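# Report on the structure
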Amino acid sequence: MNTLQNNLVTLIGEVASGFTFSHEVRGEAFYLVNLAVKRLSEQADIIPLTISERLIDVTADCMGRTLEVAGQFRSFNQQGENKKRLILSVFVRDVFFLEEDFTDFTKSNSITLKGYLCKPPVHRETPLGREIADLLLAVNRPYGKSDYIPCIAWGRNAKYASGLFVGTQLEISGRIQSREYTKKISETELIQKVAYEVSVSKLEVSGDD
């Protein structure tokens, strides 16, 4: 199996933050920056990117500029006070600046994943009766590492996914979305947080290549 083909992301959007230093690997510095990717509804998903200083001038003011990026949706565990937290971002392999008047956002957010179901699906219904299934996909990287990607399926895909077992190999295509939610810290304290997940448009069981 070609692990580089397990996780393919393409995004087009506007730079929505400055660059902040993330980490360094063998003298190469990586930075975090947010990309606002419009939906057809004109709302935007705010998606974090991890990008090398070798791909873009991180000292430049890029706010509002339109970027096309290709890469992989990656995860790592950040140790908190009481437990580990799954942090997700798009690791950028290629980046291009586009014209400011770019308006075709129909293909601006695309992801394909191939991996293994690593938790039992959680099947539920919305208050309006729409079926949803939450999935966690383990996607292999080179060198024995894996990314753990939360996915959400709807309708007939949710019904189908609800009958799958841990260890099932899946191919998924869809889009990356950001979702704000409120977390209760104490009886008197609430905080706003953002979750990132793949909204599934196509899902199928696959075998090994």
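Residues numbered from 1 in each chain as written. Predicted model: local features only at pLDDT ≥ 70, side-chain atom pairs only at ≥ 80, totals over all residues. Heavy atoms only, no water.

## Let's talk about the pairing of strand β1 (residues 7-15)
- Across 5 bridges, the pairing between β1 and strand β7 (residues 109-117) is antiparallel. Looking at the pairing, Leu-11 lines up with Asn-109 of β7.
- Looking at chain direction, β1 and strand β3 (residues 28-38) are connected through 2 bridges and run antiparallel. If you follow Val-15 over to β3, its bridge partner there is Leu-35. (Pairing = 2+ DSSP bridges. Helix = DSSP H or I, 4+ residues; strand = E, 2+ residues; numbered from the N terminus.)

## Some words on the nonpolar core
- Ranked by internal contacts, the top residues of the largest apolar core, which has 41 residues, are Leu-11, Phe-73, Cys-151 and Ile-172.
- Ranked by the residues each element gives to this core, the list is headed by β3, at 5 residues.
- Sequence-distant contacts of Phe-73, that is, excluding residues within four places in its chain, are made with Asn-7, Val-9, Leu-88, Ser-89, Val-90, Ile-111, Asp-147, Ile-149, Ile-176, Tyr-196 and Val-198. (Core = buried A, V, L, I, M, F, W, Y, C linked by side-chain atoms within 4.5 Å. Buried < 20%, exposed > 50% of the residue type's maximum accessible area, 1.4 Å probe, protein only. Contact = heavy atoms within 4.5 Å.)

## Let's talk about the packing of aromatic side chains
- As enumerated under the stated definition, the model contains 2 aromatic pairs in all.
- With centroids separated by 5.7 Å and ring planes inclined at 80°, the aromatic side chains of Phe-21 and Tyr-31 adopt a geometry described as edge-to-face. Here Tyr-31 lies in strand β3 and Phe-21 lies in strand β2 (residues 20-25), a separation of 10 residues in the sequence.
- Accessibility expressed as a relative area gives 17% for Tyr-31, which makes it buried.
- An angle of 35° between the planes, with centres 5.8 Å apart, marks the rings of Phe-30 and Phe-91 as tilted. You can see Phe-30 sitting in strand β3 and its partner Phe-91 sitting in strand β6 (residues 84-97), a full 61 residues away along the chain.
- Residue Phe-30 is classed as buried on the basis of its relative accessible area of 8%. (Phe/Tyr/Trp six-rings, centres within 6.5 Å; stacked < 30°, edge-to-face > 60°.)

## Side note on the pattern of salt bridges
- What the rule picks out here adds up to 8 salt bridges.
- The shortest N-O distance in the salt bridge between Asp-134 and Arg-124 comes to 2.8 Å. Placement of Asp-134 in strand β9 (residues 131-140) and of Arg-124 in strand β8 (residues 122-125) is noted, with a sequence separation of 10 residues between them.
- A residue is classified by how much of its surface remains accessible, and Arg-124, at 37% relative accessible area, is partly exposed.
- Across the pair Glu-131 and Lys-159 runs a salt bridge, and its minimum N-O distance is 3.3 Å. Here Lys-159 lies in helix α1 (residues 155-161) and Glu-131 lies in strand β9, a separation of 28 residues in the sequence.
- Given the relative accessible area of 52%, Lys-159 is considered exposed. (Salt bridge = Lys/Arg side-chain N within 4 Å of Asp/Glu carboxyl O.)

Nothing here speaks to function; it is all geometry.
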